[in-house]
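Close look at the chain arrangement
So you can see what is in the structure, the chains are spelled out below.
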Amino acid sequence: MTRKPSRSVLLFGGAFDPVHNGHIRLLSAARQRINPDVTLVVPTCDEPAHKPPTLFPAEQRLALLKAALKKTEIAFWDFEIRKQRPAYTWETLAAAKRRWPGSRFYLLIGSDNVKDIPRWRHPQKILNDALLTLVIGRRPGIPVKSLPGRAIVLRGIFPAVSSRLIRKLLLEPGKRSRAAAMIPKAVRPLLDDWPGRKALVNAYIKERLPESRYRHSLAVAKLAVELSAIHGINPDKAELAALGHDASRVHERFRNLHEAVAHGRRSAALIRRLLALKDKDVLEAICGHTVGIPGMGRLAQLIYVADLAGYDRAFSQAEHVRRIARKDLREACREAVAVKFRYLIDDRQKIYPGSTLFWNSLI
C-alpha cells in the first residue's frame, strides 16, 4: 500500500538576478493554486548551470529576495549557494527529499523553461518522479504545447519581464528608472546601497572595458580598501570610486592628451548617471584621479595614490608609494605626482597645467 505524502513542498529556483515583479506574481499564483505546507525559494550560486555568472553576488540576490517577500510565509533555502558550483535540478530535488522526506514536491517554472527540460541533467529522473509535479506559469508569446510528465498550468499570462532586460537597463546610464519600474518597491532601495552600487559598477566595467583595464580596476580597488582601513576612510566609498575610476576608458591606450586628461571627468559623469549617484566624495575621487584637483579630499587623494600604485603596477616606484601610503596619505600623494612628472619628463611629454596646480597645492 502506497503511503500518502505527509506534506506538500513548493520549490521555486532561479538566479533571481535581480528578483522582479514577474517572479513575485508567478510565485503568488502558484501558492494560491497549490496551497503548499512549505514554500521554498532556492537562489542559484553565482555561476548557475547553463547561464553566465550573475551580475549580483549571492549575498545581494538573497537580500533582494528577502526584501521582496518579507511579508509572506516563505523560506529561503541556500542549498545551491552553499555548493559554490552549478547545481542541477535533479540534485536540488534529491537534497530536498532528504531534508523533507515523505513529501510531495511541486517545482515552479515559467513556460520559457519547458522547451529546455530535455537538456536538463537526468530529465527522465525528474519527469518520472511520482512525487513531483511541475507547476508552469505561461509567459507572453510562449505557449505550453505539451505537458511534460505531471504538470499543472497556472491560469493567466504573467508579465513580459525578465531579469536579463532589467540587467541591460541597469547597465545603461540614464535608464535606471525604467529598470526600477519592473522591480518590487521594497527592493529598489537596496539597489542604491553600497553592495548594490558596487555590483553594478563591477558588472559595467567588466562588460565594457578591455580585460587589462578591468584587472587594473580590481587591483586599484584592492589597494584602496586596504588603505581606507588604515586611514579611517569609508571602505565602501573607496571601493566604489576605485572600481569606477576608469569606467569611460573603452580603449586600452589614450589616443591623445585630451582623452588622457578628460577620462577622469568623463568616468565621474558616467558613474553619476549609471547609479543616479549624488555622493560628492566618490565623484570627486573619480574625477580627480587623473591630474588631481587642488584641495581635493582624502578619499580623492587615496584614489589618486591607489591608481598609480595599484597591485597590478610592475614598476619599482609603485611599491615605494604603497609603503608611504600606509603611513602618510598626503606624502604618498606628493610622491605619486613626482613619479608621474619624472615619467613625463623622461618620455619628453607635456605636463598638463592642472597637474602643476595640484602639485603646488601639496607642497
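Predicted model only: the values in this text are computed from it and were never measured.

**With respect to helix H8 (residues 194–208)**
- With 15 residues, H8 extends 21 Å from end C-alpha to end C-alpha; this agrees with the ideal 21 Å at 1.5 Å per step.
- Those residues of H8 that sit buried are Trp 194, Gly 196, Arg 197, Lys 198, Ala 199, Leu 200, Val 201, Ala 203, Tyr 204 and Ile 205.
- Capping the start of H8 is the job of one residue whose side-chain oxygen sits 2.9 Å from the backbone nitrogen of Gly 196: Asp 193.

**What about the pattern of salt bridges?**
- What the rule picks out here adds up to 25 salt bridges.
- When the shortest N-O distance is used, the salt bridge between Asp 236 and Lys 198 registers 2.7 Å. Taken as a pair, Asp 236 in helix H10 (residues 235–244) and Lys 198 in helix H8 lie far apart in primary sequence, 38 residues in all.
- With relative accessibility at 14%, the residue Lys 198 sits in the buried group.
- Glu 252 serves as the salt-bridge partner of Arg 213, at 3.3 Å between the closest nitrogen and oxygen. One end of the pair, Arg 213, is in helix H9 (residues 211–231); the other, Glu 252, is in the loop between H10 and helix H11 (257–275), and 39 residues separate them in sequence.
- Judged by relative accessible area, which is 32%, Glu 252 ranks as partly exposed.
- Through salt bridges that share partners, Lys 83, Arg 85 and Glu 91 make up one connected network.

**With respect to the sheet that holds strand E1 (residues 7–14)**
- Strand order in the open sheet formed by six strands is E3-E2-E1-E4-E5-E6, with parallel pairing between adjacent strands. Because the sheet does not close on itself, it has two edges, and the strands there are strand E3 (75–76) and strand E6 (151–157).
- The strands touched by helix H2 (residues 58–68) are strand E2 (38–43) and E3; relative to E2, the strand with the most contacts, the crossing angle is about 150 degrees.
- Helix-sheet contacts for helix H4 (residues 89–99) involve E1, E2, strand E4 (103–110) and strand E5 (132–138), and the interaxial angle to E4 is about 150 degrees.

**As for the packing of aromatic side chains**
- Inspection of every chain in the model, using the stated rule, returns five aromatic pairs.
- With a centroid separation of 5.2 Å and 85 degrees between ring planes, the pair formed by Phe 12 and Phe 16 is classed as edge-to-face. In this pair, the class of Phe 12 matches that of Phe 16, namely buried.
- Here the aromatic rings of Trp 77 and Phe 79 are separated by 5.1 Å at their centres, their planes lie at 25 degrees, and the arrangement is stacked. The same class applies to Trp 77 and to Phe 79, which are both buried.
- Taken together, Trp 77, Phe 79 and Trp 100 form an aromatic cluster joined through their ring pairs.
- Over the ring of Tyr 88 we find Arg 121, and its NZ or CZ is 4.2 Å from the ring centre.
- Stacked on the ring of Trp 194, the Lys or Arg Arg 197 has its end atom at 4.7 Å from the ring centre.

Calculation criteria
- Residues numbered from 1 in each chain as written.
- Predicted model: local features only at pLDDT ≥ 70, side-chain atom pairs only at ≥ 80, totals over all residues.
- Heavy atoms only, no water.
- Helix = DSSP H or I, 4+ residues; strand = E, 2+ residues; numbered from the N terminus.
- Expected span 1.5 Å × (residues − 1).
- Buried < 20%, exposed > 50% of the residue type's maximum accessible area, 1.4 Å probe, protein only.
- Polar contact = N/O pair within 3.5 Å; in protein donor to acceptor, adjacent residues only side chain to side chain.
- Salt bridge = Lys/Arg side-chain N within 4 Å of Asp/Glu carboxyl O.
- Pairing = 2+ DSSP bridges.
- Contact = heavy atoms within 4.5 Å.
- Axes fitted to C-alpha atoms, helices over the stretch in contact; angles between N-to-C directions.
- Phe/Tyr/Trp six-rings, centres within 6.5 Å; stacked < 30°, edge-to-face > 60°.
- Lys NZ or Arg CZ within 6 Å of the ring centre and 35° of its normal.

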